[in-house]
Amino acid sequence: MAAQVLQVYQQRQKAKAAAAKRAEAEVARQARAAERDAAERARENARRDREAAQAWSRAQKEKQAQQSADSRRAEQIVRDLEKRDAARAKELEQKRRAEAREQAAADRRAKQEAVEGMRREAAARTAEVEERLRVLASVLRSRPDGLHQLRLEAERAFGQGDLEGFAVGVEEALGSVDYAQGLGGARRVAFAPESRELVVEVELPGQAVVPSVTQYRFKASAPPAVVQQPRKEAECRTLYRDLVARLALRAIDEAFAVTPPALVDGVAFNGKVRAKDRATGKAIEPCLVSVRVSRESFAELVLDEPELDPVASLHHLNAIVSQHPYDLEPVRPVVTFDLSRYKIAPERDVVAGLDSRPDLVAMDPSGGCSRKSG
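The structure contained in this document is the topic of the report that follows. (Residues numbered from 1 in each chain as written. Predicted model: local features only at pLDDT ≥ 70, side-chain atom pairs only at ≥ 80, totals over all residues. Heavy atoms only, no water.)

1. A look at the overall build of the chain
Step number 1: Along its length, the chain carries six helices and nine strands.
Step number 2: Buried positions account for 30% of the 374 residues belonging to the chain.
Step number 3: Considering only residue pairs separated by 6 or more positions, the chain has 69% of its internal contacts joining residues 24 or more positions apart.
Step number 4: Just so you have it, the chain exposes about 23,500 Å², and 51% of that area is on carbon and sulfur atoms. (Helix = DSSP H or I, 4+ residues; strand = E, 2+ residues; numbered from the N terminus. Buried < 20%, exposed > 50% of the residue type's maximum accessible area, 1.4 Å probe, protein only. Contact = heavy atoms within 4.5 Å. Areas by Shrake-Rupley, 256 points an atom, 1.4 Å probe, with all protein chains shown as cover.)

See the structure below:
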């Protein structure tokens with residue numbers, strides 16, 4: 001019995017020891033399991049931390065890469081802008097230089113054209129001066145043709161017994177003759193039938209008709225300009241003196257040309273100039289040339305001869321010529337033009353041709369004074 005009890009007791013002790021051992025083993029197992037779990041969690045946490053760190057690192061790297069890419073893009077954009085700006089600046093500079101070259105070329109062309117224009121202007125104005133001198137020199141030889149018809153008209157007026165109409169007709173005929181610009185002045189005419197003399201008074205041009213310059217030339221100064229080459233005063237005086245003489249001879253020739261020889265045997269001519277007295281400022285009409293000449297004496301002149309000296313011709317005709325016509329120095333006319341003294345008498349006195357008042361045409365032309373020559 002006791003053995004049984006002991007055996008049971010031993011079995012129970014063994015069972016308790018086995019249970020304790022099992023419990024201890026279970027505790028150890030659980031402890032190991034807990035350790036394993038803790039280690040697993042630690043590993044998981046470490047893994048997660050690593051992953052988080054890696055993710056953060058990747059994010060930082062991506063961020064840095066993005067920032068780097070953005071920086072590179074920004075730098076590229078800046079470089080592109082700089083290149084574009086540089087290209088645009090270069091293009092603008094090239095355009096500016098091209099425009100500057102074109103402007104410089106245009107300025108050179110304009111300057112050259114201006115120079116050429118001034119050269120042409122100088123040549124043209126010189127040609128005008130030379131043409132004017134040619135006109136002045138040829139005024140006597142350029143007498144018009146066809147004055148015979150004017151003579152016939154004046155003759156018809158006289159044939160109708162109209163002495164005033166004859167004088168007016170001759171005056172109109174002389175006034176209709178063409179002259180170069182500035183050379184044809186007013187004409188006044190009176191007729192003395194008993195002496196068969198025509199009194200002609202002609203307005204001569206002033207000194208300004210003679211060009212005061214010899215030529216125009218281009219001067220390459222700063223700035224360039226067209227300058228005048230003044231004519232010497234002595235030459236101006238000579239040209240004007242010769243012109244006055246030519247116009248006087250031409251006027252006398254035209255007076256004979258438009259009047260019938262059977263009616264007019266002589267011409268009393270006065271050439272006057274309208275001017276201002278420099279001393280008083282008043283209007284004056286100095287007579288620069290005066291002559292009384294017969295048709296026969298005047299016909300001795302060969303007016304178309306190129307070597308004819310018009311001043312010498314006037315002296316040959318015993319004309320009174322101003323010694324200084326350019327200075328408007330007057331001479332005493334051979335006859336004073338006073339239309340009232342040539343008034344036509346009443347019909348009963350037509351045979352005489354004039355009334356009973358003094359006839360200046362028939363008076364002594366010198367009036368007791370010596371003639372001036374020059």
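2. Considering the sheet that holds strand 1 (residues 187-192)
Step number 1: The strand order across the open sheet built from five strands is 1-2-5-8-9, with neighbouring strands paired in mixed fashion. This sheet does not close on itself; its edge strands, each paired only once, are strand 1 and strand 9 (320-321).
Step number 2: Both strand 2 (residues 197-204) and strand 5 (residues 266-273) contribute to a ladder of eight bridges, which runs parallel. The residue of strand 5 that forms the bridge with Glu201 is Asn270.
Step number 3: Strands strand 1 and strand 2 of the sheet are contacted by helix 3 (residues 163-175), whose axis makes an angle of about 150 degrees with strand 1. (Pairing = 2+ DSSP bridges. Axes fitted to C-alpha atoms, helices over the stretch in contact; angles between N-to-C directions.)

3. Comments concerning the pattern of salt bridges
Step number 1: In total, this model carries 22 salt bridges according to the counting rule given.
Step number 2: Note that Asp253 and Arg143 form a salt bridge whose closest N and O atoms lie 3.0 Å from each other. Of the two residues, Asp253 is situated in helix 4 (residues 233-257) and Arg143 in the loop between helix 1 (2-138) and helix 2 (148-159); the sequence distance between them amounts to 110 residues.
Step number 3: Across the pair Asp304 and Arg143 runs a salt bridge, and its minimum N-O distance is 3.2 Å. (Salt bridge = Lys/Arg side-chain N within 4 Å of Asp/Glu carboxyl O.)

4. Considerations on the pairing of strand 8 (residues 287-294)
Step number 1: Burial of strand 8 is extensive: six of the eight residues sit out of reach of the surface.
Step number 2: By the bridge criterion, seven bridges tie strand 5 to strand 8 in an arrangement that is antiparallel. Counted as the bridge partner of Gly271 is Val289 from strand 8.
Step number 3: Bridge count between strand 8 and strand 9: two bridges; the pairing is antiparallel. Bridging across to strand 9, Val289 finds its partner in Val321.

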